[in-house]
Amino acid sequence: MNDSIEERGTMPGIGRRRFLGLALAGTLLAAGCTRSKKTKLTGTQLDGRDSPDFSLTDQHGAPVSLSDFRGKAVALAFIFTNCPDICPLIASQMRAAYDLLPEDRRADVIFLGVTVDPERDTPEALQAFSQRYELDSVDNWHALYGDRQTLEAVWASYGIEATEIAGEVNSHVNGSAAVAKIRHTDAIYLIDQDGKQRSLLHSDVDPQDFADDLKTLAS
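Keep in mind that this is a model prediction, so the values were computed, not measured.

## Side note on the pairing of strand β5 (residues 109-115)
Phase 1: Of all the 7 residues making up β5, 7 are buried; the element is thus mostly covered by neighbouring parts of the structure.
Phase 2: Side chains of β5 alternate between two faces, with Val-109, Phe-111, Gly-113 and Thr-115 and Ile-110, Leu-112 and Val-114 buried alike.
Phase 3: Where strand β4 (residues 73-79) and β5 come together, 7 bridges link them in parallel fashion. Within β5, the residue paired with Ile-79 across the bridge is Thr-115.
Phase 4: The parallel pair β4 and β5 is bridged by helix α3 (residues 86-100), and the resulting crossover is right-handed.
Phase 5: In the sheet, β5 pairs with strand β6 (residues 141-145) via 4 bridges, with the strands oriented parallel. Within β6, the position partnered with Leu-112 by the bridge is His-142.
Phase 6: Chirality of the crossover, the property in question, places the unit of β5, helix α4 (residues 123-132) and β6 among those that are right-handed.

Dropping the structure here:
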């Protein structure tokens, strides 16, 4: 045993440098592999509970249920089409994240936007919103609406409070007539292929982190 240790300790210069070089290369390779596979999602880590199912209608009039998308990663947000600030940012983040996904993974990711303004968010308004933020060309984008009673149950199941601010209006937002302002949270839920809630993001998320999280959940 001692002879063997002594032999390694007196390794010729070239052999020793080669050995150390290989060892360093192996370390860097291992580090690279660790960085390439994201192990922790961005945002607030959730407990992996089942994400509440719901059935609504999208901007094209097609019925959509959350459970339709088992086997895919889902980004779920809450929007209204005349929102002047947070909702455009959420929509832009979704489009940017989609663009940053590898092309061969885009079909494995779903983007959902549930309205918090059922009286005003008609299919036509949701289609115009989708076009405005270039989500109309994203096949897996669904802007969802329903009657108020159905939507209130969805909001409650995700902890979303949608409150109309009395006396305040957005005048001619995006070319529309004045409409009431609605206060709501900017939550973006990330849901995995098994329908489990995994992370909670917000509208200020970095699009690359957003895309990386979706890629991880779709893997």
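Next comes the rest of the description.
## A word on the nonpolar core
Phase 1: Formed by 55 residues in total, the largest nonpolar core has its most connected members in Phe-54, Leu-76, Phe-78, Phe-111, Phe-210 and Leu-214.
Phase 2: The dominant element in this core, judged by the number of residues it contributes, is β4, at 7 residues.
Phase 3: Filtering out sequence-adjacent residues up to four positions away, Phe-111 remains in contact with Ala-75, Met-94, Tyr-98, Val-138, Asn-140, Trp-141, His-142, Phe-210 and Leu-214.

## Some thoughts on unusual backbone geometry
Phase 1: At Glu-134, a residue that is not glycine, the phi angle is positive and equals roughly 60 degrees.
Phase 2: Summarising the element assignment, Glu-134 is placed in the loop between α4 and β6.

## As for the pattern of salt bridges
Phase 1: For the coordinates displayed, the defined rule picks out 8 salt bridges.
Phase 2: Note that Arg-49 is salt-bridged to Asp-47, the shortest N-O span being 2.7 Å.
Phase 3: For Asp-47, a relative accessible area of 54% puts it in the exposed group.

## Notes on the environment of Ile-191
Phase 1: When you line up the elements, Ile-191 lands in strand β9 (residues 188-191).
Phase 2: Put simply, Ile-191 and Lys-72 are 119 residues apart on the chain and 8.6 Å apart in space, counted from C-alpha to C-alpha.
Phase 3: If sequence neighbours within four positions are ignored, Ile-191 has contacts with Ser-51, Leu-66, Lys-72, Ala-73, Val-74, Leu-76, Lys-196 and Leu-217.

## Things to note about the packing of α3 against helix α6 (residues 207-218)
Phase 1: Taken N-terminus to C-terminus, the directions of α3 and α6 make an angle of 60 degrees; their axes are 8 Å apart at the nearest point. Looking at the two axes, α3 sits oblique to α6. Considering how the two elements wind past one another, α3 and α6 form a crossing that is right-handed. Counted together, Gln-93, Met-94, Ala-96, Ala-97 and Leu-100 of α3 and Pro-207, Gln-208, Phe-210, Ala-211 and Leu-214 of α6 form the full contact between these two elements.
Phase 2: Of the residues in the contact of α3 with α6, the class split is 8 nonpolar, 2 polar and no charged.

## Details of the confidence of the model for the chain
Interpretation of this model should avoid reading the predicted coordinates in detail wherever pLDDT is low.
Phase 1: Per-residue confidence for the chain gives a mean pLDDT of 81, with 74% of residues at or over 70.
Phase 2: Per-residue pLDDT stays below 50 along residues 1-37; that stretch engages in 3 contacts with residues further than four places along the chain or on separate chains.
Phase 3: Contacts of residues 166-179 to residues separated by more than four positions or lying in other chains number 25 contacts, the stretch itself having pLDDT below 50.

## Concerning the pairing of strand β10 (residues 197-201)
Phase 1: Most of β10 is tucked away, with 4 of its 5 residues classed as buried.
Phase 2: Examined bridge by bridge, strand β1 (residues 44-45) and β10 share 2 bridges and lie antiparallel to one another. Each residue of the ladder has a partner; that of Thr-44, found in β10, is Leu-200.
Phase 3: With 4 bridges connecting them, β9 and β10 associate as antiparallel partners. Considered in β10, the bridge of Ile-191 is made with Gln-197.
Phase 4: Remark: 5 residues form the turn of the hairpin made by β9 and β10, two consecutive strands paired antiparallel; Gly-195 in that turn has positive phi of roughly 80 degrees.

The rules behind these values
- Residues numbered from 1 in each chain as written.
- Predicted model: local features only at pLDDT ≥ 70, side-chain atom pairs only at ≥ 80, totals over all residues.
- Heavy atoms only, no water.
- Buried < 20%, exposed > 50% of the residue type's maximum accessible area, 1.4 Å probe, protein only.
- Helix = DSSP H or I, 4+ residues; strand = E, 2+ residues; numbered from the N terminus.
- Pairing = 2+ DSSP bridges.
- Right-handed = clockwise from strand over helix to strand, strands pointing away.
- Core = buried A, V, L, I, M, F, W, Y, C linked by side-chain atoms within 4.5 Å.
- Contact = heavy atoms within 4.5 Å.
- Salt bridge = Lys/Arg side-chain N within 4 Å of Asp/Glu carboxyl O.
- Axes fitted to C-alpha atoms, helices over the stretch in contact; angles between N-to-C directions.
- Parallel < 35°, antiparallel > 145°, perpendicular 65-115°, else oblique.
- Left-handed = near helix turned anticlockwise from the far one by under 90°.
- Nonpolar A, V, L, I, M, F, W, Y, C, P; charged D, E, K, R; others polar.
- pLDDT = per-residue confidence, 0-100.

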